Amino acid sequence: MQSSLKQVTRLVTKQNVLSPYLGSVQIRGYATHDDVDLVVIGSGPGGYVGAIKASQLGMKTVCIEKNATLGGTCLNVGCIPSKALLNNSHYFHMAKGGDLANRGIECGDVKLNLEKMMGEKTKAVGALTGGIKMLFKGNKVTHLEGHGKITGPNQVSVLGPDGEVTEVVNTKNIMIATGSEVTPFPGIDVDEETIVSSTGALSLKEVPEKMIIIGAGVIGVELGSVWARLGTQVTAVEFMGHVGGMGIDMDISKQFQRIMTKQKLKFKLNTKVTAAKKEGGKITVTVESVKDGKVENMEADVLLVCVGRRPYTQNLGLEELGIELDNRGRVPVNSRFQSVLPNVYAIGDCIAGPMLAHKAEDEGIIAAEGMVGGPVHIDYNCVPSVVYTHPELAWVGKNEEDLKSEGIEYKIGKFPFAANSRAKCNNDTDGLVKILGDKKTDRLLGAHIIGPGAGEMINEAALAMEYGASCEDIARVCHAHPTCSEAFREANLAAWSGKAINNM
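Structure report, in brief. All values reported here derive from a predicted model rather than from experimental measurement.

Attention shifts here to the overall build of the chain. When its secondary structure is counted, the chain shows 17 helices and 22 strands. A compact globule built from 504 residues should have a C-alpha radius of gyration of about 23 Å, and the chain, at 25 Å, falls within 12% of that. For the chain, the spread of C-alpha atoms along the three principal axes comes to 80 × 65 × 50 Å. A buried classification covers 52% of the 504 residues belonging to the chain. A total accessible area of about 23,500 Å² is found for the chain, and carbon and sulfur atoms account for 52% of it. The chain carries 53 positive and 57 negative side-chain charges, and their two centres are separated by 2 Å.

Quick look at the structure:
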């Protein structure tokens, strides 16, 4: 206790100001830390990656996480568990739906063990969150558990579950990487049992007979796909006139909707949800057409609210420091990810830009490099988006609507997976590759893929765009045969020369 008080005295002397939190520390003897170079608040993809990179660059780094496990939303209740369920539900669908039998693999009576499937999901999550803990240890990142609150320009306090301060850290720099949370739907209370968010939809105890989803964006379509494969009648209600969310090419969206409809997902587009109430063990959802105002009542066992996410920026001490949020609750930053206070940085979902884990990871690395004097650059046009249905949907760069609105002349190259030899061998031919190239320079402007392994293939497009490649450049690169990526090459060949080789 005595040494702790001496340490606090040193901290106070350096600050020349005794904050209320430090005053409490003097009285109660809270744990404190010597000055560090960086405190990262949040251990999601952006936070943990940024913390590790900072430590690798020689910075003494602390990462504060309010949850019991590391990894944030993505690893615990987002990207990772949803992909585990998407993968395993697809195997079930192949067996139950007769796909495997058509391939000569007869399984007999196929049954779903939902508890075991959920167990595999939990196992994957546990392995990866535990892996971050090991990475922190190996890279000498100090992990503190609790809610991180900025209590001074160079000070972060750790709050326990009761809101009391448990630890205080003095730091040269602060990185806010607190991510985002589910956006609530006005008038509908989520109980995570029958009215669920994406979190509850990942842990349902049984397969519902009917599910209504509010929102047909990325998360809604992915989770709807999981439960449809397991036997649920799924209807997605979407306010906009297309599926797939923001940024998707409209031509691709229409084709994607057709494929998902074949998989028994139903869509009510240009429709808004006006109310939902529980009655008789069911949920009655009232919807209204945006076009003609027609009202309809729909019934479901589970209602999934999927209307997006909002930045998690409350109770971080930002207002007290003079850091004002924008109208969407995000932290405004400059090109180096600095807020109005140069030593307070913000990355990921709590700043502007797409709410994507890989975007946050890049920002975490680049922000850390910038702190030690490195160059800071990220081209958001080269950040890919992926929908992990089957087939997958992925895109990077501009869509046709963007190019038209910007007045850029472009050319199109398309190649269907039905004409791709590997896709034919695998009997997995739904979808196509669509390439957009500059009409004058042939530079690759955008790539849009529906098909097997689209989420992997899109990274070739991102790499090409980062280096300013032309469609001809890609068309002249030798691609292994037979692979699905040959479709990407052929689409670029079509965009450049006007014709592909293996398609009429």
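This paragraph deals with the sheet that holds strand β22 (residues 444-451). Pairing within the open sheet is antiparallel, and its five strands lie in the order β18-β19-β22-β21-β20. Every other strand in the sheet has two partners, leaving β18 (385-387) and β20 (410-416) as the edge strands with one partner each. Sheet twist, expressed as the average angle between the axes of neighbouring strands with direction ignored, equals 10°. Where helix α10 (residues 250-262) meets the sheet, its contacts fall on β18, β19 (392-397), β20, β21 (432-438) and β22, and the angle it forms with β22 comes to roughly 5°. On the sheet, helix α15 (residues 454-466) packs against β18, β19, β21 and β22 and is oriented at approximately 10° with respect to β19.

This part is about the pairing of strand β4 (residues 147-152). Of all six residues in β4, six are buried, a share of seventy percent or more. Pairing geometry for β4 and strand β5 (residues 155-159), over five bridges, is antiparallel. Within β5, the position partnered with Gly 148 by the bridge is Val 158.

This part covers the sheet that holds strand β14 (residues 295-300). Reading across the sheet, the three strands line up as β12-β13-β14 and stay open at both edges, with antiparallel pairing between neighbours. Strands with a single pairing partner mark the edges of an open sheet, and in this sheet they are β12 (271-279) and β14. Across this sheet, the average inter-strand angle for adjacent strands is 25°, counted without regard to direction. Looking at chain direction, strand β13 (residues 282-289) and β14 are connected through six bridges and run antiparallel. Looking at β14, one finds that Glu 288 is bridged to Val 295.

For the pair helix α5 (residues 79-96) and helix α7 (residues 114-138), the least separation of the axes is 9 Å and the interaxial angle reads 145°. You can see that α5 and α7 cross each other, and the crossing is right-handed. In this structure, α5 uses Ile 80, Pro 81, Ala 84, Leu 85, Asn 88, Ser 89 and Phe 92 to contact α7, whose residues at the interface are Met 117, Met 118, Glu 120, Lys 121, Val 125 and Leu 128. The class makeup of the residues in the contact of α5 with α7 is nine nonpolar, two polar and two charged.

Where helix α3 (residues 45-56) contacts α7, the axes come no closer than 10 Å and their chain directions differ by 20°. Comparing the axis directions of α3 and α7 gives the class roughly parallel. Every pair of crossing elements has a handedness; the one defined by α3 and α7 is left-handed. Residues Tyr 48, Ala 51 and Ile 52 of α3 touch α7, and the partners they reach there are Ile 132, Leu 135 and Phe 136.

With respect to the secondary-structure elements, Arg 489 resides in helix α17 (residues 486-497). Owing to a relative accessible area of 27%, Arg 489 belongs among the partly exposed residues under this scheme. Remark: the alpha-carbon pair of Arg 489 and Val 77, spanning 412 residues in sequence, is separated by 36 Å. With residues near it in sequence (within four places) discarded, Arg 489 still touches Ile 474, Ala 475, Arg 476, Val 477, Cys 478 and His 479.

This part takes up the environment of Ala 423. Among the structural elements, Ala 423 can be located in helix α14 (residues 421-425). Here Ala 423 falls in the buried class, since its relative accessible area comes to 0%. Residues Ala 423 and Ile 450 lie 27 residues apart in sequence; the distance between their C-alpha atoms is 12 Å. The residues touching Ala 423, leaving out its near neighbours within four places in the chain, are Phe 417, Asp 428, Thr 429 and Cys 484.

What follows covers the nonpolar core. Counting residues in each nonpolar core, the largest one holds 46 residues, and the members touching the most others are Val 39, Phe 136, Ile 150, Ile 176 and Phe 337. Not counting chain neighbours up to four residues away, the residues in contact with Phe 136 comprise Tyr 48, Ala 51, Ile 52, Cys 63, Leu 70, Val 141 and His 143. If you look at the next biggest cluster of nonpolar residues, it comprises 42 residues, including Met 94, Ile 213, Phe 267 and Cys 306.

Here the focus is unusual backbone geometry. Of the consecutive residues His 390 and Pro 391, the connecting peptide bond is found in the cis state with omega at 0°. Mapped onto the elements of the fold, Pro 391 is located in the loop between β18 and β19. Look at the link from His 481 to Pro 482: it is a cis peptide, with omega at -5°. Structurally, Pro 482 is set in the loop between α16 (471-475) and α17. One non-glycine residue, Asn 315, adopts positive backbone phi at about 55°. When you line up the elements, Asn 315 lands in the loop between β16 (309-311) and α11 (318-321). Even without a glycine there, the phi angle at Asn 427 is positive, about 50°.

An α-helical turn contains 3.6 residues, so any two residues separated by three or four positions project in the same direction. The first and last C-alpha atoms of helix α9 (residues 218-229) sit 17 Å apart over 12 residues, in line with the 16 Å expected at 1.5 Å per residue. Backbone geometry just after α9 places Gly 231 at a positive phi near 120°.

Let us look at α5. Look at α5: 25 Å from first C-alpha to last across 18 residues, which is about the 26 Å you get at 1.5 Å a residue. Three or more residues of α5 are buried, namely Pro 81, Ser 82, Ala 84, Leu 85, Leu 86, Ser 89, His 90, Phe 92, Met 94 and Ala 95. For α5, the elements touching its buried residues are α4 (72-77), α6 (99-102), α7 and α9. One or two positions beyond α5, positive phi appears at Gly 98, with a value near 95°.

Criteria and thresholds
Residues numbered from 1 in each chain as written. Predicted model: local features only at pLDDT ≥ 70, side-chain atom pairs only at ≥ 80, totals over all residues. Heavy atoms only, no water. Helix = DSSP H or I, 4+ residues; strand = E, 2+ residues; numbered from the N terminus. Rg over C-alpha atoms; globule rule 2.2 N^0.38 Å. Buried < 20%, exposed > 50% of the residue type's maximum accessible area, 1.4 Å probe, protein only. Areas by Shrake-Rupley, 256 points an atom, 1.4 Å probe, with all protein chains shown as cover. Lys, Arg positive; Asp, Glu negative; His and termini not counted. Charge placed at Lys NZ, Arg CZ, Asp CG, Glu CD. Pairing = 2+ DSSP bridges. Axes fitted to C-alpha atoms, helices over the stretch in contact; angles between N-to-C directions. Contact = heavy atoms within 4.5 Å. Left-handed = near helix turned anticlockwise from the far one by under 90°. Nonpolar A, V, L, I, M, F, W, Y, C, P; charged D, E, K, R; others polar. Parallel < 35°, antiparallel > 145°, perpendicular 65-115°, else oblique. Core = buried A, V, L, I, M, F, W, Y, C linked by side-chain atoms within 4.5 Å. Expected span 1.5 Å × (residues − 1).

These figures capture arrangement, not role.
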